[in-house]
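As a plain string of letters, each chain reads:
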Amino acid sequence: MDAKTDTVTLKHFIAGQWTEASGGATFDVLNPLDDSLYCKAAKGTGDDMRTAVAAAKTAFNEYRETLPKERELWLLRVAEIMEQRKADLLDCLIDEIGSPIGKAMFEFDKGLTMIRAAAGLCRNVRGETIPSDVPGKFSMSIREPLGVVAIVTPFNVPLIKTTRLVANALAVGNTVVHLPSEMAPHLTLLMAEIFHDAGIPAGAYNVVTGMGHEIGDDLTGHSEVDFVSFTGSSVVGQHINEVCAKNKTPLTLELGGKSPTVILKDADLDKVMPLAARSIFMFGGQLCIGSSRFYVERPLYDEFVKRFSMAASKVGMGDLRDPNTVIAPIISERQRLRVKTHIEDAVKKGATIAAGGEWEGNRCQPTLLTGVKEEMTLCKDETFGPVTSIYPIDSYEEGLEKANDTVYGLSSAIFTNDINKAMHFAKHIDAGMCHINGPTVHDEAHVPFGGNGESGVGREGTDADLEAMTELKWVTVQL
Ligand code: NAD
């Protein structure tokens, strides 16, 4: 199998076959480093999506009967083949979406863990026995797969999202139709090839490439789709929520963030500084859980700004294959404009650039802003670049209040040795995730990952996906 018919044109993967778009059209995928052509991909149509959903529906009838030991073996083979094809996957992450090698390796390692954790899920699709008030009645619940799961993923972590969500859906007996980001179709198709080569039956995992705004509704609004897992911006998430409501299709939404880090006066800056940089600059700030707000208690504020500015100026912006490189190109012209506008708007309204602010090609320097006020767009909106604001606070209570002053609620962090304040923060921060003395950027295969408010609905991870992507059925036997 090969994801490409020649070196540049990708096809859909439907019912175990490489398939051209029904209209024959393609679209360009650009390398974000220099906007050169990376590849072309099939520009899917509504008909392609309906064909893929029909394939997944047909495959479900047999796939749901597969044994845990079969699915477990297939998924473990996926991990083995991923290791054999590591170089292809890393090259793709670097050249298709501009991942520096460190971030590509991070995704690869996480991806392997996600697949192996999903393999362990196959044997855990369990119900329970339930005491009955009726004499002689044996009562139980059994857990069943839902059917066809639609998965829509963003550009920034395509390997993590594919390994986690597709593998968890398949582990518990569902079949999948996947619409990857139009900016990252190749990575997903490489994984489709790997799933296929590992033995996953034809039709169990289908990938349709194309423009989400054109063909997304044909997937998420399809009456034969039984569950939708969406990761992306809050605006598109809101739209998908409305589309799914029409069919009462259950869903999880993993959306944007404006994650805060609070640093109290007793924190050890020697320990905080490397973690602060990791929180926002990894992959050029294009991570949903990146910390775009730092609240620092007054006694540490000046020192923190000074040390963070120095650290920012040293963050690597070299060759993407150099392990010292951290800063990635911003993915698209539209997104670059957003980052530029956020910085310009803040400066125009009185903010100070403590570090960065300039561009080198398609890469924005690591940028720190002080004096950010409510009326500046980047104060409240997601920037999705290597840009963060630093605010002084006079007390822990002020830090908590400011951290909660957002419509988002994804990740959060607090640095302190005061266990009482740390645990109070963990309880009262309105966010799906809270890390005490650790960066906002953290993820593991089996944790409940997700956010509140504009950051989403539901959680993902092995246990959360098991619950979300299956349903309980109550069964009784009158003895
Ligand atoms: P995006 O919302 O532009 O696109 C995400 C996906 O939605 C793409 O595959 C796109 O094709 C598709 N899409 C667009 N319109 C659609 C429609 N009408 N129906 C169905 N699908 C449609 O997001 P992006 O720019 O690719 O990614 C960045 C965003 O994703 C950021 O906001 C980031 O915070 C968020 N994100 C969240 C998480 C998380 O786990 N919470 C993880 C990664 C990224």
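Residues numbered from 1 in each chain as written. Predicted model: local features only at pLDDT ≥ 70, side-chain atom pairs only at ≥ 80, totals over all residues. Heavy atoms only, no water.

*Asks:* Help me understand the packing of helix 4 (residues 101-121) against helix 5 (residues 158-171) in this model?
*Replies:* If you want to describe how two helices pack, look at the angle between their axes and the distance between the axes. Helix 5 packs onto helix 4 with a crossing angle of 5° between their chain directions and a minimal axis gap of 8 Å. Relative to helix 5, helix 4 is oriented roughly parallel. The segment helix 4 lies against helix 5, with Phe106, Glu107, Phe108, Lys110, Gly111, Met114, Ile115, Ala118 and Leu121 engaging Pro158, Leu159, Ile160, Thr163, Arg164, Ala167, Asn168 and Ala171. (Axes fitted to C-alpha atoms, helices over the stretch in contact; angles between N-to-C directions. Helix = DSSP H or I, 4+ residues; strand = E, 2+ residues; numbered from the N terminus. Parallel < 35°, antiparallel > 145°, perpendicular 65-115°, else oblique. Contact = heavy atoms within 4.5 Å.)

*Asks:* Looking at this structure, how should I read the site of the ligand?
*Replies:* Close to the ligand lie 29 residues, the nearest being Thr153, Glu182, Ser233, Leu255 and Glu382. In this structure, an oxygen atom belonging to the ligand sits 2.6 Å away from a side-chain N or O atom of glutamate 182. For the ligand, an oxygen atom lies 2.6 Å from a polar atom in the side chain of glutamate 382. Alone, the ligand offers 870 Å² of accessible surface; in the complex the protein occludes 92% of this. At the level of secondary structure, the elements contributing two or more residues to the shell around the ligand comprise helix 7 (212-220), strand 11 (227-231) and helix 8 (234-247). By residue class, the composition of the shell around the ligand is 13 nonpolar, eleven polar and five charged. Built from parts of two domains, the shell around the ligand gets at least three residues from each of domain 1 (9-255 + 453-478) and domain 2 (259-436). (Near = heavy atom within 4 Å. Polar contact = N/O pair within 3.5 Å; in protein donor to acceptor, adjacent residues only side chain to side chain. Areas by Shrake-Rupley, 256 points an atom, 1.4 Å probe, with all protein chains shown as cover. Nonpolar A, V, L, I, M, F, W, Y, C, P; charged D, E, K, R; others polar. Domains from an automatic or database assignment.)

*Asks:* Would you mind going over the environment of leucine 275 with me for this structure?
*Replies:* Examined against the element boundaries, leucine 275 turns out to sit in helix 9 (residues 269-281). For leucine 275, a relative accessible area of 25% corresponds to the partly exposed category. Taking C-alpha positions, leucine 275 is 25 Å from lysine 340, a pair spaced 65 residues apart along the chain. In this structure leucine 275 touches Phe415, Asn437, Gly438 and Pro439, once residues within four positions along its chain are discounted. (Buried < 20%, exposed > 50% of the residue type's maximum accessible area, 1.4 Å probe, protein only.)

*Asks:* Sorry if this is basic, but what is going on with the domain arrangement of the protein here?
*Replies:* Quite often, the size of an interface is put as the accessible area lost when its parts meet. In terms of domain boundaries, the protein breaks down into domain 1 (9-255 + 453-478) and domain 2 (259-436). Between domain 1 and domain 2, the C-alpha centre-to-centre distance is 31 Å. In this complex, domain 1 contributes 24 residues to the contact, which on the side of domain 2 involves 27 residues. Summed over both partners, the interface of domain 1 with domain 2 buries about 2100 Å², with 64% contributed by carbon and sulfur atoms. If you look at where domain 1 meets domain 2, you find three salt bridges. Salt-bridge contacts for aspartate 35 lead to arginine 336; the nearest nitrogen and oxygen are separated by 3.2 Å. Connecting domain 1 to domain 2 are twelve residue pairs in polar contact (both at pLDDT 80 or more). Elements with a contribution of two residues or more to the side of domain 1 that touches domain 2: helix 3 (86-97) and helix 4. Among the elements that line the side of domain 1 that touches domain 2, the one with the most residues is helix 3, at four residues. For the side of domain 1 that touches domain 2, the residue count by class is eleven nonpolar, six polar and seven charged. (Buried area = accessible area lost by both parts, 1.4 Å probe. Salt bridge = Lys/Arg side-chain N within 4 Å of Asp/Glu carboxyl O.)

*Asks:* Would you take a moment to explain the sheet that holds strand 6 (residues 128-130) for this structure?
*Replies:* What holds strands together in a sheet is hydrogen bonding between their backbones, with the strands either parallel or antiparallel. If you trace the three strands from one edge of the open sheet to the other, you get 6-7-23, paired in antiparallel fashion. For this open sheet the edge positions go to strand 6 and strand 23 (470-478), each flanked by a neighbour on one side alone. Taking the axes of each pair of neighbouring strands and ignoring which way they run, one obtains an average angle of 30° across the sheet. Sheet analysis places strand 7 (residues 137-145) next to strand 23, joined by nine bridges and oriented antiparallel. In the sheet register, isoleucine 142 faces strand 23, and the bridge partner there is lysine 473. (Pairing = 2+ DSSP bridges.)

*Asks:* What is the right way to look at the nonpolar core in this model?
*Replies:* Across soluble globular proteins, nonpolar side chains have a tendency to be buried as a group. Of all hydrophobic cores here, the largest spans 75 residues; its most connected members are Leu75, Met82, Leu170, Met191 and Phe195. Split by domain, the residues of this core number at least three in each of domain 1 (9-255 + 453-478) and domain 2 (259-436). Excluding anything up to four places from it in sequence, leucine 75 contacts Ile115, Ala118, Ala119, Cys122, Ala167, Ala171 and Phe195. (Core = buried A, V, L, I, M, F, W, Y, C linked by side-chain atoms within 4.5 Å.)

*Asks:* Where do I start with the sheet that holds strand 1 (residues 9-10) in this structure?
*Replies:* Reading across from one edge, 1-5-4 is the order of the three strands in this open sheet, with mixed pairing throughout. The sheet is open, and its two edges are formed by strand 1 and strand 4 (26-31), each paired on a single side. Here six bridges tie strand 4 to strand 5 (residues 36-42), and the two strands are oriented antiparallel to one another. Each residue of the ladder has a partner; that of aspartate 28, found in strand 5, is lysine 40.

*Asks:* Just to check I follow, could you spell out helix 6 (residues 185-197) for this structure?
*Replies:* It helps to recall that an α-helix has 3.6 residues per turn; residues three or four apart then point in one direction. Its 13 residues place the ends of helix 6 18 Å apart at the C-alpha level, agreeing with the 18 Å of an ideal helix rising 1.5 Å per residue. Once helix 6 ends, the next one or two residues include glycine 199, with phi positive near 110°. (Expected span 1.5 Å × (residues − 1).)

*Asks:* Honestly, the pattern of salt bridges in this entry has me stumped. Any pointers?
*Replies:* Once their charged atoms are close, side chains differing in charge can pair, the charge on each being opposite to the other. Tallied over the full model, the rule gives 28 salt bridges. Glutamate 144 is the salt-bridge partner of arginine 64, the closest N and O atoms lying 4.0 Å from each other. You can see arginine 64 sitting in the loop between helix 1 (46-63) and helix 2 (68-84) and its partner glutamate 144 sitting in strand 7, a full 80 residues away along the chain. You can call arginine 64 partly exposed: its relative accessible area is 33%. A salt bridge links aspartate 88 to arginine 85; the shortest N-O distance between them is 3.1 Å. The class of aspartate 88 is partly exposed, set by a relative accessible area of 36%.

*Asks:* Which parts of the structure should I look at to understand the environment of arginine 321?
*Replies:* If you trace the backbone, arginine 321 turns up in the loop between helix 10 (298-313) and helix 11 (333-348). By relative accessible area, which is 40% here, arginine 321 ends up partly exposed. For the pair arginine 321 and proline 100, spaced 221 residues apart in sequence, the C-alpha separation works out to 6.2 Å. For arginine 321, the residues in contact, after removing those within four places along its chain, are Asp91, Ile94, Asp95 and Ile101.

*Asks:* For this particular structure, what's the right way to read unusual backbone geometry?
*Replies:* Generally, phi is negative for residues other than glycine and the peptide bonds are trans, each holding for most cases. Unusually for a residue other than glycine, aspartate 35 sits at a positive phi of about 60°. Relative to the assigned elements, aspartate 35 resides in the loop between strand 4 and strand 5. Classification of aspartate 35 as partly exposed rests on a relative accessible area of 33%. One non-glycine residue, phenylalanine 384, lies in positive phi territory at about 60°. Positionally, phenylalanine 384 belongs in the loop between helix 12 (377-380) and strand 19 (387-393).

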